[in-house]
Amino acid sequence: AVIVVAWGGWAAHDRLDVTYGSASTDPEASVVSPQERLFFKDIAQVVPESDLILNNANDGSALIYAYENRRPVFMVAGTRSSTQYGLSLRNTLIDLPYGDLCGALREDRIRWVLNNGEAFHADVIIKEDAPKMLIPRGHWAFTPEVEMGDRVLYRVSGCAAAGW
């Protein structure tokens, strides 16, 4: 029995090592593509570790924490925000008037917005977009800082008069 348990543990370790240990860099197993990893590295060159990034976790951007030690507002897919106004901002960002937008960003201490492209979806995972986070070019509150294809990191730039 001891031999069976030991052999089973060894076999499980080898299997887990392949699926978990190397999944982050395996192009087949990882939900983060090699291009996203490069994009995350570029973001890490611009965004300080202590700054918060508004994101839609359903597009894979929550994983920037694991890859580059940056702080997304949404750490997991769904609607659990790490800030008071995160969910509201994700759902209404481009529609908010100056005072509401800048006030919420200031209160939550959010200086960055990350659009990481299309939301992830698979067999049982429903695609959950955040269309109000698709910032149009020339928006008064945001300046593109890092771009790669349809992925864009924006800096909050239009709220200086509101103290942010």
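Further up the page is the structure itself.
Read on for an overview of the structure. Small disclaimer: the values here were computed from a predicted structure and weren't measured. (Residues numbered from 1 in each chain as written. Predicted model: local features only at pLDDT ≥ 70, side-chain atom pairs only at ≥ 80, totals over all residues. Heavy atoms only, no water.)

All right, on to the state of the cysteines then. Such a bond, covalent and formed between the sulfur atoms of two cysteines, is termed a disulfide. Scanning the model with the defined rule gives one disulfide in all. Disulfide partner of Cys 102: Cys 159, at an S-S distance of 2.0 Å. Between Cys 102 and Cys 159 the disulfide shows an S-S torsion of about -75°. By sign, it is left-handed. One end of the pair, Cys 102, is in helix 5 (residues 98–108); the other, Cys 159, is in the segment after strand 5 (151–156), and 57 residues separate them in sequence. Judged by relative accessible area, which is 0%, Cys 159 ranks as buried. (Disulfide = S-S within 2.5 Å. Helix = DSSP H or I, 4+ residues; strand = E, 2+ residues; numbered from the N terminus. Buried < 20%, exposed > 50% of the residue type's maximum accessible area, 1.4 Å probe, protein only.)

Quick look at helix 2 (residues 34–46) now. An ideal rise of 1.5 Å per residue puts 18 Å on 13 residues; helix 2 measures up with 19 Å between its terminal C-alpha atoms. Along helix 2, the residues that are buried comprise Glu 36, Arg 37, Phe 39, Phe 40, Ile 43 and Ala 44. Viewed along the axis of helix 2, the buried residues span an arc of 160°, placing them on a single side of the element. In this fold, the buried residues of helix 2 make contact with strand 1 (52–54), helix 3 (64–68), strand 3 (110–116), strand 4 (142–148) and strand 5. (Expected span 1.5 Å × (residues − 1). Arc of directions from axis to C-beta. Contact = heavy atoms within 4.5 Å.)

Further remarks concern the side chain of Asp 108. Summarising the element assignment, Asp 108 is placed in helix 5. Although Asp 108 is buried, it makes no salt bridge; Arg 109 carries the closest opposite charge, 9.4 Å away. A distance of 3.2 Å separates the side chain of Asp 108 from the backbone nitrogen of Gln 84, its partner in a polar contact. Leaving out residues up to four positions away in the same chain, Asp 108 has contacts with Leu 52, Thr 83, Gln 84, Tyr 85, Gly 86 and Leu 89. (Lys, Arg positive; Asp, Glu negative; His and termini not counted. Salt bridge = Lys/Arg side-chain N within 4 Å of Asp/Glu carboxyl O. Polar contact = N/O pair within 3.5 Å; in protein donor to acceptor, adjacent residues only side chain to side chain.)

Within the largest apolar cluster, 24 residues are counted, with the highest numbers of intra-cluster contacts made by Leu 54, Leu 89, Leu 93, Leu 101, Leu 105, Val 113 and Phe 142. Per-element tally for this core: the top contributor is helix 5, with four residues. Among residues more than four places away in sequence, those in contact with Leu 101 are Leu 89, Leu 93, Leu 96, His 139, Trp 140, Ala 141 and Phe 142. In this structure, Ile 43, Ile 53, Leu 114 and Val 146 belong to the second largest nonpolar core, which totals eleven residues. (Core = buried A, V, L, I, M, F, W, Y, C linked by side-chain atoms within 4.5 Å.)

A separate point is the sheet that holds strand 3. Spatially, 2-1-3-5-4 is the arrangement adopted by the five strands of the open sheet, whose pairing is mixed. Looking along the sheet, the strands with just one partner apiece sit at the ends: strand 2 (71–72) and strand 4. Pairing geometry for strand 1 and strand 3, over three bridges, is parallel. When the sheet's bridge partners are listed, Leu 52 is paired in strand 3 with Ile 110. Relative to the sheet, helix 2 contacts strand 1, strand 3, strand 4 and strand 5, its axis offset from that of strand 4 by approximately 140°. (Pairing = 2+ DSSP bridges. Axes fitted to C-alpha atoms, helices over the stretch in contact; angles between N-to-C directions.)

In this section: the pairing of strand 3. Remember that side chains alternate between the two faces of the sheet whenever the strand is regular. Taken across its seven residues, strand 3 has six buried, putting it largely inside the fold. Pairing analysis gives five bridges linking strand 3 to strand 5, with the strands arranged antiparallel. Counted as the bridge partner of Trp 112 is Arg 155 from strand 5.

Attention shifts here to the pattern of salt bridges. Using the criterion set out here, one finds five salt bridges in the structure. A salt bridge links Lys 41 to Glu 68, with the shortest nitrogen-to-oxygen separation between them at 3.4 Å. Remark: Glu 68 occurs in helix 3 and Lys 41 occurs in helix 2; sequence separation between them is 27 residues. Judged by its relative accessible area of 46%, Lys 41 falls in the partly exposed class. By relative accessible area, which is 16% here, Glu 68 ends up buried. Ionic pairing is found between Arg 137 and Glu 147, a salt bridge with its closest N-O pair at 2.4 Å. With Arg 137 in the loop between strand 3 and strand 4 and Glu 147 in strand 4, this pair connects stretches of sequence that are ten residues apart. Taking relative accessible area as the criterion, Glu 147 reaches 42% and is therefore assigned partly exposed.

Without other data, these values stay purely geometric and don't point to any function.
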